[in-house]
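Notes for the structure review
Spelled out, the chains give:
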Amino acid sequence: MYVLILIISFFTLASFEAYAQPKSCPVLSELENTSLKDKKEVIEALNTLIPKTYGTGLDVLPDLYTKWNVVTAKPFPKTVGNKIEEDYFGMAKTFCGKEIAEKSWLIRLDFPKAPGADLAQGQIFLAKSKEKGWFVWFRYH
């Protein structure tokens, strides 16, 4: 079982590193302004967004992503001062520019059914479209 977990972790990490940038950036003019007051709405949107983003699991771990805990849910500007979270803000600014990053949220997740730290952690970047609502524009893990 330990070897299987290592193999899964290796292939999972390799695939994330190869795609460690968004396929496209959100369009600034289409984004809604949000604030920490929208946290409850963000948490509710995760019930739809996480299954769309992660699916349910892997072939060998089919229900891996069916349960999750939210570790962080905050607008990127509110991550300043927290080194780990602020690094993700830096990534968002590098990928899509300061204006997009400032209208986006960092969501850090813990997947309790995951067998190891690499699979147990997730980070997604969200924004809110004026017309379509909340959406994930980048998945790091």
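Sequence order sets the numbering: in each chain, residues are counted from 1 along the sequence as written. This being a predicted model, a pLDDT of at least 70 is required before a residue's local features are given, and a value of 80 or more before pairs of side-chain atoms are given or counted; all residues contribute to the totals for chains, interfaces and linings. Side-chain metrics in this entry use all non-hydrogen atoms of the structure; hydrogen atoms and water are not considered.

1. Focus: the confidence of the model for the protein
Low-pLDDT stretches of the model should not have their predicted coordinates read in fine detail. Confidence of the predictor at the level of single residues is given by pLDDT, which spans 0 to 100. Looking at the protein as a whole, the pLDDT averages 87, with 85% of positions reaching at least 70. The least confident element of the protein is helix H1 (residues 2-18), whose mean pLDDT is 41; the most confident is helix H4 (residues 98-102), at 98. Note on residues 1-19: pLDDT is under 50 here. Beyond four places in sequence and across chains, it has 14 contacts. By the criteria applied, helices consist of DSSP H or I runs no shorter than four residues and strands consist of E runs no shorter than two, each listed in order from the N terminus. Any two residues having at least one pair of non-hydrogen atoms within 4.5 Å are treated as being in contact.

2. A look at helix H3 (residues 83-96)
In this model, H3 (14 residues) spans 20 Å end to end at C-alpha, consistent with the 20 Å of a helix rising 1.5 Å per residue. Along H3, the residues classified as buried are Glu 85, Tyr 88, Phe 89, Met 91, Ala 92 and Cys 96. The arc that holds every buried residue of H3, seen down its axis, measures 155 degrees, which confines them to one face. Away from the buried face of H3 by more than 90 degrees, exposed residues Lys 83 and Thr 94 are located. Note on H3: the residue one or two positions beyond its end, Gly 97, has a positive phi of about 95 degrees. Take the number of residues in a helix, subtract one, and multiply by 1.5 Å to get its expected span. The buried label applies to any residue whose accessible area, calculated with a 1.4 Å probe on protein chains only, is under 20% of its type's maximum; exposed applies above 50%, and partly exposed to all values in between. It is the directions from the helix axis to the C-beta atoms that the arc portrays.

3. Digging into the state of the cysteines
Only a pair of cysteine sulfur atoms within 2.5 Å counts as a disulfide in this structure description. In total, this model carries 1 disulfide according to the counting rule given. Sulfur-sulfur distance for the disulfide between Cys 25 and Cys 96 comes to 1.9 Å. Because the sign of the S-S torsion sets the handedness, a value of about -80 degrees for the bond joining Cys 25 and Cys 96 places this disulfide among the left-handed ones. Here Cys 25 is found in the loop between H1 and helix H2 (39-54), whereas its partner Cys 96 is found in helix H3, with 71 residues between them in sequence. A residue is classified by how much of its surface remains accessible, and Cys 96, at 14% relative accessible area, is buried.

4. Considering the pattern of salt bridges
Counted as salt bridges are all cases of a side-chain nitrogen of Lys or Arg within 4 Å of a carboxyl oxygen of Asp or Glu. Scanning all chains against the criterion turns up 7 salt bridges. When the shortest N-O distance is used, the salt bridge between Glu 102 and Lys 98 registers 3.8 Å. Placement of the pair is Glu 102 and Lys 98 together in helix H4, with a separation of 4 residues, close to one helical turn. Judged by relative accessible area, Glu 102 falls into the partly exposed class, the value being 37%.

5. Some details on the sheet that holds strand E4 (residues 133-139)
Read from one edge to the other, the open sheet built from 4 strands follows the order E1-E2-E3-E4, with strand pairing classed as antiparallel. Strand pairing shows two members of the sheet lacking a second neighbour, strand E1 (69-75) and E4, which therefore form its edges. When the angles between neighbouring strand axes are averaged without regard to direction, this sheet yields 30 degrees. Pairing geometry for E1 and strand E2 (residues 104-110), over 6 bridges, is antiparallel. Bridge pairing in E2 places Val 70 opposite Leu 109. Being paired, for any two strands, means DSSP has found at least two bridges between them. Lines fitted to C-alpha atoms define the axes here, with helix axes fitted over just the stretch in contact, and angles between the N-to-C directions of these axes take values from 0 to 180 degrees.

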